[in-house]
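Spelled out, the chains give:
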Amino acid sequence: MTNLDRGYAEALDRADPLAPFRERFYLQPGAIYMDGNSLGLLSRDAEAALLHVLNDWKTLGIGGWMDADPAWFYLGETLGRRLAPLFGAEPEEVVAAGTITVNLHALVATFYEPVGNRRKIIATELDFSSDVYALQAQIRLRGGDPATDLVLVPSRDGRTIAEDDLIAAMTDDVALVVLPSVLYRSGQLLDIERLTNAAHARGIIIGFDCAHSAGSIPHHLSRWGVDFAVWCNYKYLNAGPGSIGGLYVNRKHFDRVPALPGWWGYNKERQFDMSHTFEGAGNAGAWQVSTVTVLSAAPLLGSLALFEEAGIERLRAKSLAATDYLIELLEATGLTAEPYCYGIGTPRNHAARGGHIAVEHAEAPRIARALKARGVVPDYRPPNVVRLAPAPLYTSFCDVWDTVHHLREIVDNGEYRRMDARREVVA
Ligand SMILES: *Cc1c(COP(=O)(O)O)cnc(C)c1O
């Protein structure tokens, strides 16, 4: 038997200490789910947590705000405390609230302070659309022009962003840097610590969108001195479609006044005084705006238990082993050569790799469709990327092997050529 045989994948699964977590998820029989980077699967734990909250609502009514366990009134803070270790943050520096784009608006509105010539925001040309819309709008709200004040650092290869280019762009007319921790398409992981040090050495505030690193990669946001961060909990953190998001504010900024205040960011002890003078919570909780969305937060209570048991370091180790294995299988079985012509758009270097592999192909939309027809769930990102994420809590090494096998067969049998090449509304 060689590394390329399925028996080797079976042996990897037998030796995997995280393998038992798979049984706690709802996997469809016969399907291989490789899209946990976009929408994580439901676990029995998350389901039970949601049903528990529904039952509390049934029996306690409004009493649930204080008498539910955990009390809904403090749910954002309770979840923040439990999320904090995944981000290397202090409990008070994290709160579960809002959604990525809304949290980004709230934090950029607070931290973007254009003065004199220092008016620019640095981001990248490979950023997620929504983040760019938010940055453009925040510049406009300050009377600026996104055409000149938003600098989207170009990519040299169309896949990745060179950290040297980001640092070179941090000139003395820059007020703020907002970057993804992991680029959503190629899966490149940026060196958050290095970029934070570079920004601070130039007197620039820096925030990160951790959508694709939350629950996938260990962070040390406090030690690295990151000013703020946002993320969602529905990707690797498996809290369900549209679930509550999260934000981090470094403790050195606790005295800042949120630019988009709401009553939920008020000092909890006096929130119900209903005073018309805003008094922030004095921690990351101050950046909450509205009533905590209890039903969309509940699944996260259950989901986090899995992360607490598995440990983010072990999950990261398995994720790297699985993406290494995926790359090795693609290359060693000839799938990166003709007639298959699959490319690998994700950095090989572990320190620059997130949790998914960007498999490139000229016919990527059809490849994604042909995989789905065979029960493999990937996603497609224009123009030519099929993203495959072996989520370490529920994806096995056999799933990786089988996915590569399907990638071979859909070309061997010409299956992908029979697929519709048009893109779907939700890719
Ligand atoms: C998934 C994702 C989003 C989604 O934003 P929402 O406001 O939660 O819908 C935003 N930015 C990045 C980088 C993402 O990956």
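This one's a predicted model, so the numbers in the text were calculated from it and none came from an experiment. (Residues numbered from 1 in each chain as written. Predicted model: local features only at pLDDT ≥ 70, side-chain atom pairs only at ≥ 80, totals over all residues. Heavy atoms only, no water.)

(A) Looking closely at the site of the ligand. Residues in close proximity to the ligand include Ile100, Thr101, Phe128, Asp131, Asp209, Ala211, His212, Tyr234 and Lys235, which together make up its full environment. Asp209 is positioned with one of its side-chain polar atoms (N or O) 3.0 Å from a nitrogen atom of the ligand. Protein contact buries 84% of the 390 Å² of open area that the ligand shows by itself. When grouped by side-chain class, the residues that make up the shell around the ligand number four nonpolar, two polar and three charged. (Near = heavy atom within 4 Å. Polar contact = N/O pair within 3.5 Å; in protein donor to acceptor, adjacent residues only side chain to side chain. Areas by Shrake-Rupley, 256 points an atom, 1.4 Å probe, with all protein chains shown as cover. Nonpolar A, V, L, I, M, F, W, Y, C, P; charged D, E, K, R; others polar.)

(B) Up close: the packing of aromatic side chains. Counting across every chain of the model gives 16 aromatic pairs. Geometrically, the ring pair formed by Phe128 and Tyr184 is edge-to-face, given 5.4 Å between the ring centres and 80 degrees between the ring planes. Taken together, the residues Phe128 in the loop between strand 3 (120-124) and helix 6 (129-141) and Tyr184 in the loop between strand 5 (174-180) and helix 9 (192-201) connect sequence positions 56 residues apart. Take Phe128: its relative accessible area is 36%, and that puts it in the partly exposed class. Ring pairing ties together the aromatic residues Trp65, Trp72, Phe73, Tyr74, Trp263, Trp264 and Phe272, which thus form one cluster. One residue, Arg44, lies across the ring of Tyr26, its end atom 4.4 Å from the ring centre. (Phe/Tyr/Trp six-rings, centres within 6.5 Å; stacked < 30°, edge-to-face > 60°. Helix = DSSP H or I, 4+ residues; strand = E, 2+ residues; numbered from the N terminus. Buried < 20%, exposed > 50% of the residue type's maximum accessible area, 1.4 Å probe, protein only. Lys NZ or Arg CZ within 6 Å of the ring centre and 35° of its normal.)

(C) Focus on the pattern of salt bridges. Inspection of every chain in the model, using the stated rule, returns 23 salt bridges. Of the charged contacts, one joins Asp16 and Lys318 as a salt bridge, the two residues approaching to 2.7 Å between their closest N and O atoms. With Asp16 in the loop between helix 1 (6-14) and strand 1 (32-33) and Lys318 in helix 12 (residues 312-332), this residue pair connects regions lying 302 residues apart in the sequence. The burial state of Asp16 is the same as that of Lys318; both residues are buried. Between Glu409 and Arg374 there is a salt bridge, with the nearest N and O atoms lying 3.1 Å from each other. Residue Glu409 is found in helix 14 (residues 397-412), and its partner Arg374 is found in the loop between helix 13 (364-373) and strand 11 (376-377); the two are separated by 35 residues along the sequence. A residue is classified by how much of its surface remains accessible, and Glu409, at 25% relative accessible area, is partly exposed. Linked through salt bridges whose partners overlap, the residues forming this network are Arg6, Glu10 and Asp402. (Salt bridge = Lys/Arg side-chain N within 4 Å of Asp/Glu carboxyl O.)

(D) Region of the structure containing the environment of Tyr236. Within the secondary structure, Tyr236 is located in the loop between strand 7 (228-232) and strand 8 (245-249). On the accessibility criterion, Tyr236 (5% relative accessible area) is buried. Taking the C-alpha atoms as reference points, Tyr236 and Pro392, separated by 156 residues in sequence, lie 9.1 Å from one another. Sequence-distant contacts of Tyr236, defined by excluding residues within four places in its chain, comprise Gly36, Asn37, His212, Ala214, Gly215, Ser216, Phe307, Gly355, His356 and Ala389. (Contact = heavy atoms within 4.5 Å.)

(E) Spotlight on the sheet that holds strand 9 (residues 343-344). The strand order 9-10-13-12 describes an open sheet built from four strands, whose pairing is antiparallel. Of all strands in the sheet, those with a lone pairing partner are strand 9 and strand 12 (379-381), marking the two edges. Of the strand pairs in this sheet, strand 10 (residues 357-360) and strand 13 (residues 385-388) are connected by four bridges, and their pairing is antiparallel. Bridge pairing in strand 13 places Ile357 opposite Leu388. Where helix 12 meets the sheet, its contacts fall on strand 9, strand 10 and strand 13, and the angle it forms with strand 10 comes to roughly 20 degrees. Of the strands in this sheet, strand 12 and strand 13 touch helix 13, which is tilted by about 40 degrees from strand 13. (Pairing = 2+ DSSP bridges. Axes fitted to C-alpha atoms, helices over the stretch in contact; angles between N-to-C directions.)

(F) Up close: the packing of helix 1 against helix 14. Where helix 1 meets helix 14, the axes come as close as 7 Å, and the angle between the chain directions of the two elements is 155 degrees. In this view, helix 1 runs roughly antiparallel relative to helix 14, as classed from their interaxial angle. Packed against helix 1, whose contacting residues are Arg6, Ala9, Glu10, Leu12 and Asp13, the element helix 14 presents Phe397, Cys398, Trp401 and Asp402 at the interface. Of the residues in the contact of helix 1 with helix 14, the class split is five nonpolar, no polar and four charged. (Parallel < 35°, antiparallel > 145°, perpendicular 65-115°, else oblique.)

(G) Just the domain arrangement of the chain, in detail. Once the domains are mapped, the chain shows domain 1 (6-30 + 311-418) and domain 2 (49-308). Across the boundary between the two partners, domain 1 contributes 27 residues, which contact 21 residues of domain 2. Around 2,000 Å² of area is buried between domain 1 and domain 2 when both sides are counted, 59% of it from carbon and sulfur atoms. Its largest share of buried area at the contact with domain 2, domain 1 owes to Ile312, Arg316 and His356, together 24% of the area lost on that side. Our count for the domain 1 to domain 2 interface comes out at one salt bridge. (Domains from an automatic or database assignment. Buried area = accessible area lost by both parts, 1.4 Å probe.)

(H) View of the sheet that holds strand 6 (residues 205-209). What the seven strands build is an open sheet, ordered 2-8-7-6-5-3-4; its pairing is mixed. What marks the edges here is a single partner per strand, and that holds for strand 2 (94-96) and strand 4 (150-153). If you compare each strand with its neighbour and ignore which way they point, the axes differ by 15 degrees on average. Of the pairings in the sheet, the one linking strand 3 to strand 4 comprises four bridges and is parallel in character. Note that in strand 4 the partner of Thr124 across the bridge is Val153. Its contacts with the sheet put helix 4 (residues 75-87) on strand 2 and strand 7, and the angle it makes with strand 2 is roughly 125 degrees. Along the sheet face, helix 6 touches strand 3, strand 4, strand 5 and strand 6 and points at about 155 degrees away from the line of strand 4.

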